[in-house]
Amino acid sequence: MIGSLGWITTTLITTTLLTLFIFLKRKLDFWKNLGVAYIPGSFPFGSIRRLATFQISTAELFKEFYDRGEGQKYVGYYTLFKRSLMVRDPELIKNILVKDFSTFVDRGVYHNLEDDPLSGHLFSIEGDYWKNLRNKLSPTFTSGKMKTMYGTVKDLSVNLRNYAKQKAAIDGSVEMKNLTGRFGLDVIANVALGLEGNNFNDENSVMKRMTEMMIRPTFFQYMKTLMSLVCKDFIIYTRIRLTPKPVEDFFMRLVKKNIEYREKMGITRKDFMQLLIDLKDTSFPNDKDISNGERHKGEKLTLTLEEIAAQSFVFVLAGFETSSVTLGFLLYELASHPEIQEKLYRELEAGSADLSYDVLLNLPYLDMILSETLRKHPPVPILQRQSKGDYKLPDGKVLPADTLVIIPVYGLHHDPKLFPNPEKFIPERFSKENQDNIVPYSHLPFGEGPRNCIGMRFGKMQIKLAVASILLHFRIEKSPKTVEPILIENKSFTYNAKGGIWLKLVERKK
Ligand code: HEM
């Protein structure tokens, strides 16, 4: 009896393992069978083992894939066992992001409105629900709206300067991630959550801790995110959440209190939170278009409290780290290139008497420096889409539905054929005269097409204001604490410097 039970168990285990082996082998042979150049993958991490085990950053891994794919328009690889395609050719990138957008509307990332309400934000939601919400939120980011928020951000940039002054007085050296992060969080907490942030004075604000919990994932959180790319439906079915509960409770409470306070006191403010509150009671104009909007099927779509909280949350997540990291790298490049710094200082000084929104946004050298910083150090090193249906590639091969598609922004930005001497910081690449030499769809710091960064104007405004605020009062130099070459953090979704960037701020004598 025991003997036959043992035999049955052995057969069951062997059959299960064999089936799993055949299943994975088939999955991991996909690109070979399609005749596409590919990066091989093995169980359990596919082609991205070093990324999944924090041995390399996203930027560096996809730069390696990009270089290995020299001469190819696209290269296959495996995210765990999911087929994924990295697209190298700018013309094909344009088709995916713009021309054939209807096939690539979604990013294929996890969201679960019911069990994890904060995950239901603009970055992750899909289909018509995304389209309607994006249409509704877009007017929030026009230059007119930016102008109304300009004064608030300008006031906050004074806190940045004062804090820099205080820190510089202690030992001259200031760590940039700490400085620009405090400013970034102050700004976004103010405009997205209506919170008078206290990030300059409070070393360990709750807001900072909650945000860090999201952008610096633990190994477990990182694995959940990776798994959610491969088997999203399973994660949703088993009700596994990606947002930690303390983060959800904090943001929900904050948004709820804020809305109630404003409504009770009849207060309106010129910020993103107000614009979201205004959408709370308005129905979407094209409600009947919402066919696959999950729980909105057939409903009148107005913004619920959860949806407002989710959008505020994504503004904080998507806006805080990206802007502060860019600002840190920009200041580092200025310290490394004193001649560029002085030229920028002169441009800022000439415009400083009345540094209005229009004046600041139209300073050409500042704009060139920002574009070059975002080329050399793009905070979002890859873009992601997922094919909705089968898609015919330029050589006639068919990419099946549900394939993950990656655009290697960092790889493109560091390709010497697209940007000669890519490791050199040359703002003139983006001058009016040289702009036509830039291959379309090769410079993609904010993405492109209908699903590009909605906060681009705001991000640029905030960075430019901070640069003006610092540079008009300090000369920036490298300090003995500056670590070179800069190493890239592996345990982060964004591209940023490991251990931070230390620089010296020397007050200018007027
Ligand atoms: C230097 C600053 C910033 C950079 C470099 C940046 C970059 C990006 C990139 C690359 C994407 C993906 C685009 C694509 O897939 O084509 C994105 C999406 C997004 N960004 Fe930004 N971002 C910045 C600032 C901001 C700010 C300040 C906000 C909000 C206030 C914001 C909100 C968003 C949102 C909501 C999305 C998702 C848009 C959608 O799917 O419809 N970003 N950003």
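- Per an unreviewed UniProt entry, the recorded name for the chain is CYP6FK1, and the organism is Laodelphax striatellus.

1. Some details on the UniProt feature "binding site: heme" (unreviewed entry) in the chain
Then, number 1: UniProt tags Cys453 as "binding site: heme" (unreviewed entry).
Then, number 2: Checked against the element boundaries, Cys453 lands in the loop between α18 (409–413) and α19 (456–471).
Then, number 3: Once residues within four sequence positions are removed from consideration, Cys453 is found in contact with Arg134 and Phe446.

2. Regarding the nonpolar core
Then, number 1: Counting 153 residues, the largest nonpolar core has Phe251, Phe272 and Phe458 as its most contacted members.
Then, number 2: The element that contributes the greatest number of residues to this core is helix α14 (residues 305–336), accounting for 16 residues.
Then, number 3: Look past the residues within four positions of Phe272 in its chain and what remains in contact with it is Thr140, Phe141, Met146, Met149, Val191, Ala192, Phe315 and Phe458.

3. Things to note about the site of the ligand
Then, number 1: Taken together, 31 residues lie near the ligand, and Arg107, Arg134, Arg385, Arg451 and Cys453 sit nearest.
Then, number 2: In this structure, Leu122 approaches the ligand through a main-chain N or O atom, which is 3.3 Å from an oxygen atom.
Then, number 3: A distance of 2.9 Å is found between an oxygen atom of the ligand and a side-chain nitrogen or oxygen belonging to Arg451.
Then, number 4: Elements that contribute at least two residues to the shell around the ligand include exactly α6 (127–137), α14, β4 (383–386) and α19.
Then, number 5: Broken down by element, the shell around the ligand gets its largest block of residues, seven residues, from α14.
Then, number 6: The residue inventory of the shell around the ligand, partitioned by class, reads 18 nonpolar, eight polar and five charged.

4. A look at the packing of aromatic side chains
Then, number 1: Under the defined criterion, the tally for this structure stands at 18 aromatic pairs.
Then, number 2: Relative to Phe65, the ring of Phe62 has its centre 5.4 Å away and its plane inclined at 70°; by these criteria the two rings are edge-to-face. Pair noted here: Phe62 and Phe65 are both in helix α4 (residues 58–68), with a separation of three residues, about one helical turn. The residues Phe62 and Phe65 share a single accessibility class, namely buried.
Then, number 3: Ring centres of Phe250 and Phe251 lie 5.4 Å apart, and the angle between their planes is 85°; this geometry places the pair in the edge-to-face category. The residues Phe250 and Phe251 share a single accessibility class, namely buried.
Then, number 4: The rings of Phe54, Phe219, Tyr222 and Phe493 are connected pair by pair, giving a single aromatic cluster.
Then, number 5: Seen from the ring of Tyr66, Arg88 lies directly overhead, with NZ or CZ sitting 4.0 Å from the centre.
Then, number 6: Looking at Lys481, its charged tip hangs above the ring of Trp502, at a distance of 4.0 Å from the centre.

5. Focus on the sheet that holds strand β9 (residues 502–507)
Through backbone hydrogen bonds, the strands of a sheet pair up, either in parallel or in antiparallel fashion.
Then, number 1: In spatial order, the strands read β3-β9-β8; together these three strands make up an open sheet with antiparallel pairing. The sheet terminates laterally at β3 (173–175) and β8 (474–478), the two strands that pair on one side only. Each adjacent strand pair in this sheet contributes to an overall mean axis angle of 40°, direction not counted.
Then, number 2: Pairing of β8 with β9 involves five bridges; the strand directions are antiparallel. Along β9, the bridge assignment pairs Glu477 with Lys504.
Then, number 3: Taken strand by strand, helix α7 (residues 143–171) contacts β3, β8 and β9, and its axis lies near 130° from that of β3.
Then, number 4: Against the sheet, α14 engages β8 and β9, with an angle of about 80° to β8.

6. A closer look at the pairing of β9
Then, number 1: Relative to β9, β3 runs antiparallel, the two being bridged by three bridges. Residue pairing for β9: Val174 is matched across the bridge by Leu503.

7. Here we look at the side chain of Asp116
Then, number 1: As for its placement among the helices and strands, Asp116 is situated in the loop between α5 (90–99) and α6.
Then, number 2: Arg241 provides the closest opposite charge to the buried, salt-bridge-free Asp116, at an N-O distance of 4.4 Å.
Then, number 3: For Asp116, the side chain forms a polar contact with the main-chain nitrogen of Leu242, separated by 2.9 Å.
Then, number 4: Once you skip the residues sitting within four places of it in the chain, Asp116 turns out to touch Tyr110, Arg241, Leu242, Thr243 and Glu248.

8. Focus: the pairing of strand β2 (residues 82–87)
Then, number 1: A large share of β2 lies buried, amounting to five of its six residues.
Then, number 2: Where strand β1 (residues 74–79) meets β2, six bridges bridge the pair, whose relative direction is antiparallel. Across the sheet, residue Tyr74 finds its bridge partner in β2, namely Val87.
Then, number 3: The antiparallel pairing of β1 with β2 creates a hairpin that spans two residues between the two strands, and Leu80 there sits at a positive phi of about 55°.
Then, number 4: Examined bridge by bridge, β2 and strand β7 (residues 404–407) share three bridges and lie parallel to one another.

9. What about a nonpolar patch on the surface?
Then, number 1: A cluster of nonpolar side chains, contributed by Leu5, Trp7, Ile8 and Leu12, occupies part of the molecular surface with about 460 Å² of accessible area.
Then, number 2: Accessibility expressed as a relative area gives 42% for Ile8, which makes it partly exposed.

10. Let's talk about the UniProt feature "transmembrane region" (unreviewed entry) in the chain
Then, number 1: This chain's UniProt record puts "transmembrane region" (unreviewed entry) on residues 6–24.
Then, number 2: Spanning residues 6–24, this segment combines 100% helix with 0% strand, and its end C-alpha atoms are found 27 Å apart.

11. Observations regarding the pattern of salt bridges
Where charged atoms from two side chains of opposite charge approach closely, those side chains can pair.
Then, number 1: Applying the stated criterion across every chain yields a total of 23 salt bridges.
Then, number 2: Close ionic contact of Glu333 with Lys376 constitutes a salt bridge, the shortest N to O distance being 3.0 Å. Of this pair, Glu333 sits in helix α14 while Lys376 is found in helix α17 (residues 364–376), placing the two residues 43 residues apart along the sequence. Lys376 matches Glu333 in its accessibility class, with the two residues each being buried.
Then, number 3: Residues participating in the shared-partner salt-bridge network are Arg241, Lys245, Glu248 and Asp249.

Procedures and definitions
- Residues numbered from 1 in each chain as written.
- Predicted model: local features only at pLDDT ≥ 70, side-chain atom pairs only at ≥ 80, totals over all residues.
- Heavy atoms only, no water.
- UniProt positions renumbered as here; feature names shortened; annotations may be inferred.
- Helix = DSSP H or I, 4+ residues; strand = E, 2+ residues; numbered from the N terminus.
- Contact = heavy atoms within 4.5 Å.
- Core = buried A, V, L, I, M, F, W, Y, C linked by side-chain atoms within 4.5 Å.
- Buried < 20%, exposed > 50% of the residue type's maximum accessible area, 1.4 Å probe, protein only.
- Near = heavy atom within 4 Å.
- Polar contact = N/O pair within 3.5 Å; in protein donor to acceptor, adjacent residues only side chain to side chain.
- Nonpolar A, V, L, I, M, F, W, Y, C, P; charged D, E, K, R; others polar.
- Phe/Tyr/Trp six-rings, centres within 6.5 Å; stacked < 30°, edge-to-face > 60°.
- Lys NZ or Arg CZ within 6 Å of the ring centre and 35° of its normal.
- Pairing = 2+ DSSP bridges.
- Axes fitted to C-alpha atoms, helices over the stretch in contact; angles between N-to-C directions.
- Lys, Arg positive; Asp, Glu negative; His and termini not counted.
- Salt bridge = Lys/Arg side-chain N within 4 Å of Asp/Glu carboxyl O.
- Patch = residues over 30% accessible without salt bridge, like charges linked within 9 Å, V, L, I, M, F, W, Y side chains within 5 Å.
- Areas by Shrake-Rupley, 256 points an atom, 1.4 Å probe, with all protein chains shown as cover.

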